Structures are given as C-alpha cells and as structure tokens.
Amino acid sequence: MKLDSAPLDISGISETEIELELKDSTDFNFIPAIAQPVQPVVADSPQKQQSVLVVFGTTFVTIFLAEIGDKTQLSTLLMSAESHSPWVVFVGSAAALITTSLLGVLLGSWIATRLSPKTIEKSAGVMLLVISLMLFWDVFQG
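Keep in mind the model is a prediction, meaning the values are calculated, not measured.

Basis of the calculations
Residues numbered from 1 in each chain as written. Predicted model: local features only at pLDDT ≥ 70, side-chain atom pairs only at ≥ 80, totals over all residues. Heavy atoms only, no water. Helix = DSSP H or I, 4+ residues; strand = E, 2+ residues; numbered from the N terminus. Buried < 20%, exposed > 50% of the residue type's maximum accessible area, 1.4 Å probe, protein only. Contact = heavy atoms within 4.5 Å. Areas by Shrake-Rupley, 256 points an atom, 1.4 Å probe, with all protein chains shown as cover. Phe/Tyr/Trp six-rings, centres within 6.5 Å; stacked < 30°, edge-to-face > 60°. Axes fitted to C-alpha atoms, helices over the stretch in contact; angles between N-to-C directions. Parallel < 35°, antiparallel > 145°, perpendicular 65-115°, else oblique. Left-handed = near helix turned anticlockwise from the far one by under 90°. Nonpolar A, V, L, I, M, F, W, Y, C, P; charged D, E, K, R; others polar. Polar contact = N/O pair within 3.5 Å; in protein donor to acceptor, adjacent residues only side chain to side chain. Expected span 1.5 Å × (residues − 1).

**Some remarks on the overall build of the chain**
Part 1: On a plain count of helices and strands, the chain comes out with 5 helices and 2 strands.
Part 2: Along the chain, from the amino end to the carboxyl end, the secondary structure elements read β-α-β-α-α-α-α.
Part 3: For the chain, with 142 residues in total, the buried portion stands at 2%.
Part 4: Sequence-distant contacts in the chain: of pairs separated by 6 or more residues, those separated by 24 or more amount to 50%.
Part 5: Total accessible area on the chain is roughly 12,900 Å²; 70% of this is exposed by carbon and sulfur atoms.

**Focus on unusual backbone geometry**
With the exception of glycine, the majority of residues adopt a negative phi angle, and the majority of peptide bonds are in the trans configuration.
Part 1: Located in the positive-phi region is histidine 84, a residue other than glycine, with phi close to 60°.
Part 2: By the secondary structure assignment, histidine 84 is in the loop between helix H3 (71–83) and helix H4 (86–114).

**Some points on the packing of aromatic side chains**
Part 1: If you walk through the whole model with that rule in mind, you get 3 aromatic pairs.
Part 2: An angle of 20° between the planes, with centres 6.3 Å apart, marks the rings of phenylalanine 56 and phenylalanine 60 as stacked. Highlighted residues: phenylalanine 56 and phenylalanine 60, both in helix H2 (residues 52–67), separated by 4 residues, approximately one helical turn.
Part 3: Here phenylalanine 56 falls in the exposed class, since its relative accessible area comes to 56%.
Part 4: Geometrically, the ring pair formed by phenylalanine 60 and phenylalanine 64 is stacked, given 5.7 Å between the ring centres and 15° between the ring planes.

**Examining the packing of H3 against H4**
Part 1: Across the interface, H3 lies against H4 with an axial gap of 8 Å and an inter-helix angle of 155°. Relative to H4, the element H3 lies roughly antiparallel. The way H3 lies across H4 gives a crossing that is right-handed. Residues Thr72, Thr76, Met79, Ser80 and Ser83 of H3 form the contact with H4, whose participating residues are Pro86, Val89, Ser93 and Leu97.
Part 2: Here the contact of H3 with H4 is built from residues that sort into 4 nonpolar, 5 polar and no charged.

**A look at the environment of threonine 59**
Part 1: Along the chain, the position of threonine 59 falls in helix H2.
Part 2: A distance of 2.8 Å separates a polar side-chain atom of threonine 59 from the backbone oxygen of valine 55.

**Things to note about H2**
Part 1: Between the first and last C-alpha of H2 there are 22 Å, a value that for 16 residues agrees with the 22 Å anticipated at 1.5 Å per step.
Part 2: Remark: glycine 69 follows H2 within two positions and exhibits a positive phi of approximately 75°.

Shown next as structure tokens:
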C-alpha cells in the first residue's frame, strides 16, 4: 500500500471472519474484492462558503446604504464646499474610510478566532439595543 493512498475499510465482514482469515493465512493477504478505500471525512461547516463576488457585492451594498446621509457624508460634503478642493477632501475621506474599514476587518477576524458566531451576533444585538436605548433616552431628556 502506498503511503499517500486512503486507508482501506473492510466492510461486510465480521470481526470473527477477519480473525479466521488472518489465522488461516500465513502471508496476510486480504481479498481485494472486500477491501474498499475509505472516503475522507470532510466536516460540513454550518455556513456555506460564498463566492468572492457575492461577499463583495453584499458588503458594498450594505456599507453604501449605511453611509448615505450619515454624519460622515455630511461632514465630507461641508469640508468639500468650504475648502474648494473636492479632490483633496475625497482622497482624505477615502483614506479615513479605508483605515476604519481595515480596523473593523482586523478586529472582526481577531474576535472571530476567539468567539463563536452566535456569541458575536448576540453581542452585536445587545450593543445595538443599548445604543438605541441611549439615543431614545437622550431624545426624551432633551
């Protein structure tokens, strides 16, 4: 047997038949008809791998919609109008968004190695709920 081949599985034969076969045989030859290669076991991940295009498209649309009309976009608009240098403002704001996205990705991948996806989802939900409650409290107070 080659070292890089799959191990053999002797199926359809009881242990006593294998023991008898080994006792009767002096050269320990197995019958090729009953020896079958074992298929490697691949654990199914709970989440299917998505194509790069799907992940990119989903990320782009989500972030694009989340950023429309937020304070970052309004700040960029005001800076561009005041400075009369829209391309410099564009490069500066793009670099800032890339940097914050890089920090988010690095922190997210670090957290993903230490916590389960369920724990991350629940934590994010709790944090968003707390932020929402704080915003409502500020509205009612002021």
